[in-house]
Amino acid sequence: MLHILKRGGRLVALIILAFLLFSGAAKVAVHGLYDAPIQSQNKGPLFGKPGKEILYIALPSEGDHVVGDVAARAVVIAYLSFGCHECAKYYKTLQKLAQEGVTVVLRHHQPQHEFGSRAFPVAHAAECVAEYVGQERFWEVAEYVFANQDNIFGAPRDPLPPLRAQFGVSDAPFEECMDSNRYAARIEADTQEARSVAKQTPVTAVFDSDKEKVYLLLGNRSEADVQQRLLFIESQ
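Note that this is a predicted model, so its numbers are computed, not measured.

A. Fine view of the pairing of strand β6 (residues 203-208). Within β6, 6 of the 6 residues are buried, which leaves the element mostly enclosed by the surrounding structure. Neither face of β6 is open: one carries Val-203, Ala-205 and Phe-207, the other Thr-204, Val-206 and Asp-208, and all of them are buried. The pairing of strand β4 (residues 74-80) with β6 spans 6 bridges and is antiparallel. Opposite Ala-74, over in β6, you have Asp-208 as the bridge partner.

B. Spotlight on the environment of Val-102. Here Val-102 lies in the loop between α2 (85-99) and β5 (103-108). What makes Val-102 buried here is its relative accessible area of 11%. A sequence separation of 28 residues divides Val-102 from Ala-74, and the C-alpha atoms of the two residues are 8.1 Å apart. Not counting residues within four places of it along the chain, the set of residues in contact with Val-102 comprises Val-67, Val-76, Leu-97, Gln-227 and Leu-230.

What counts, and at which threshold
- Residues numbered from 1 in each chain as written.
- Predicted model: local features only at pLDDT ≥ 70, side-chain atom pairs only at ≥ 80, totals over all residues.
- Heavy atoms only, no water.
- Buried < 20%, exposed > 50% of the residue type's maximum accessible area, 1.4 Å probe, protein only.
- Helix = DSSP H or I, 4+ residues; strand = E, 2+ residues; numbered from the N terminus.
- Pairing = 2+ DSSP bridges.
- Contact = heavy atoms within 4.5 Å.

Here it is in structure tokens:
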């Protein structure tokens, strides 16, 4: 999980560290450096943040929804909400980056104010569909949801049957997966990482595995903007 530990919060730090040790996921402590003009680099840390905050972020792994090599030097980790229109636009940018050979990881973000109780069931349904058709096709599921946001979130009817039908998932395994709620912990863990950075979506963490740094980009960013950060990492 991604946690920001404020100076002086020793008790909070101990609680978080205990949780991290208890949970089995591989994590790394890194300095989170927020977005700012690159021209400021000669006067401080990359992208401006003075490095007073410590982030605990789950390392990219094969368990993620990933395109590319999770062991790559630079990895783009994007936290998206299926109900977010800006995320739908940004998803197209992520697809372009993946097609160009950039390693991209998709994680969930569930802002509390977006679409009431619908965002979580749709996220869980996407996971269940991917379980049935193959986890490598999660990107196809995400593409369908983002392309049909208005129908999925705007219609008064249940948005899940069309999603299930689109990928040929039969009733029984889909309903069993939804009833089990087995992806709830994953969605919540992703969401807590993202919320620790910002309430809005999308959130992007560009991870430098060599230097164990994360550069945080907020909002719908251009392909050139993300590539600029990747090029900086590769040049170090």
